[in-house]
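Single-letter residue listing:
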Amino acid sequence: MNAGRATWSAGSVILLLLLCYFWIGLTPFAHSDGKGGLPSTGNLLNQMVIIVLFTMAIANLWRNPGRSALFSPHALLALILLWFCFVSLLSFDPATAFRRIVYALLVCGCANAALLLPRDSRDFARVLATGTVVILLLNYFAVIAMPTVGIHGSNEVEAALAGDWRGIFGHKNAAAAGMVYLVLFGLYLRKASYPRLGSIIAILAAIFLLFAGGKTSTAMLPAVLLLGWLFEHCRPLRALLTIGLVIAMNVILIGLSSSPATSSILASVGIDATFTGRSSIWAFALARISDAPIMGYGFQLLWGSEFLRDITTESWAFLAAHSHNSFLETLLNGGFPALILMILWLLILPLRDAGEAFATQNDVGLTRLFLRIWIFSILLAGLENLFFVNNGPLWFTMLIAVFGLRLQAGASLQSQQ
């Protein structure tokens, strides 16, 4: 890296603050009870911080010619948010839904602005390297120096997780997913002026991933690397490798979990046919979706609500925090219109943008990073609630990939390498 370019611009500092806020939060060591210490949308301080960060980012971009790319695609994003406003207006708690929609808008703005803040790809790599090192150090510090915080204990609700690393994350599944992103960051940094540091980051994140015990994320990592390579080199298979795989994965997972015969076969070979209890939650969510397939129940309102507690059910699933499937969760939030819009935004357009980005040859390494993050995110969405989960790093990082692919397709980030 050229020492002459090692100065930090205001945009780079704001980007680092955004990374720290979403990845570390304001109270990173406050989840010894297993509930998590990352930003909560219901916390007044966090709401004030996100407003300040959003304002700083927009102010920094005010004279930036790339500011027109904010919230792109404009019409589609506006339609998604307006639909959520409409269904929430008719819900049982419009005020709460509207507050969460505003927060979601701010997060989208921050993620999109994050890619316009650095002066060039070297600035972006420098900030990413700095933020990633800080994140990794804090996670290892939590495990080594504060094991009651950084490692799941036997006295928690999920006692079976005892010994699994979670670092500054609230749960080992979130930690495992986060470490996959960090491995991908490290692999990118290896090619972006930080060969040694990038390798160290990737190795340390991979070690943490193994000790976190996140089997799904661990298995997905090599698959994502393979799928990314195939996407880049096998153009006719791109849609099949991404959208086709996501559709098949969701149909197969939910179908297998709901079939008693298939469940028995899977159990006989040692496979958990409930997918760690998700099958009951999916069945419960599908039942609720069938009751409100068009409108849903309002933006992020159903789980934990009095409305849900009033439903007579013999299943424990109504106590779940979410549906553990982003597509089912979208149906609950806004029905089939919301799902169609989200698929268009998060699956169809990134697929097109990624293809166009590789065709432009505009910083292939950066495009490859965004592609890998996007592939991992849409696969993870079949097993976790990811879309519009505004607390924590997962949704924010997925948004960076989605917006990043769009910018790369338009050659809005110019490579300086």
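Looking at an unreviewed UniProt entry, one finds the protein named O-antigen ligase, with Rhizobium wenxiniae as its source organism.

**Q** Looking at this structure, how should I read the overall build of the protein?
**A** Of regular secondary structure, the protein possesses 16 helices and zero strands. With an accessible surface of roughly 17,500 Å², the protein has 67% of that area assigned to carbon and sulfur atoms.

**Q** I keep staring at the environment of Phe-208 and nothing clicks. Help me out?
**A** Here Phe-208 lies in helix H8 (residues 195-212). Residue Phe-208 is classed as buried on the basis of its relative accessible area, which comes to 0%. As for Phe-208 and Asn-139, which are separated by 69 residues in sequence, their C-alpha atoms are 8.7 Å apart. With residues up to four places along the chain from it excluded, the contact list for Phe-208 reads Asn-139, Tyr-140, Val-143, Trp-165, Arg-166, Gly-167, Ala-175 and Met-179.

**Q** Would you mind showing me how to read the layout of surface pockets here?
**A** A probe as big as a water molecule, rolled over the atoms, marks out the empty space that is left. The volume enclosed by the second largest pocket comes to roughly 270 Å³. What lines the second largest pocket is a set of 14 residues, among which Ile-247, Asn-250, Phe-327, Leu-339 and Ile-343 lie closest to the centre. Looking at the lining of the second largest pocket, the elements with two or more residues in it are helix H10 (238-258) and helix H14 (326-360).

**Q** Mind showing me how you'd approach the pattern of salt bridges here?
**A** Once their charged atoms are close, side chains differing in charge can pair, the charge on each being opposite to the other. Within the structure shown, the criterion is met by six salt bridges. Among the ionic pairs, Arg-288 bridges to Asp-291, the shortest N-O distance being 3.4 Å. Separated by three residues within a single helix, Arg-288 and Asp-291 lie in helix H12 (residues 278-291), roughly one turn from each other. By relative accessible area, Arg-288 is classed as buried at 11%. By relative accessible area, which is 54% here, Asp-291 ends up exposed. Ionic pairing is found between Arg-352 and Asp-353, a salt bridge with its closest N-O pair at 3.0 Å. Owing to a relative accessible area of 40%, Arg-352 belongs among the partly exposed residues under this scheme.

What counts as what
- Residues numbered from 1 in each chain as written.
- Predicted model: local features only at pLDDT ≥ 70, side-chain atom pairs only at ≥ 80, totals over all residues.
- Heavy atoms only, no water.
- Helix = DSSP H or I, 4+ residues; strand = E, 2+ residues; numbered from the N terminus.
- Areas by Shrake-Rupley, 256 points an atom, 1.4 Å probe, with all protein chains shown as cover.
- Buried < 20%, exposed > 50% of the residue type's maximum accessible area, 1.4 Å probe, protein only.
- Contact = heavy atoms within 4.5 Å.
- 1 Å grid on protein atoms, 1.4 Å probe; cavity = no way out; pocket = protein on both sides within 12 Å on 5 of 7 lines; lining within 4 Å.
- Points joined across faces, edges and corners; volume = space filled by probe spheres on them.
- Salt bridge = Lys/Arg side-chain N within 4 Å of Asp/Glu carboxyl O.

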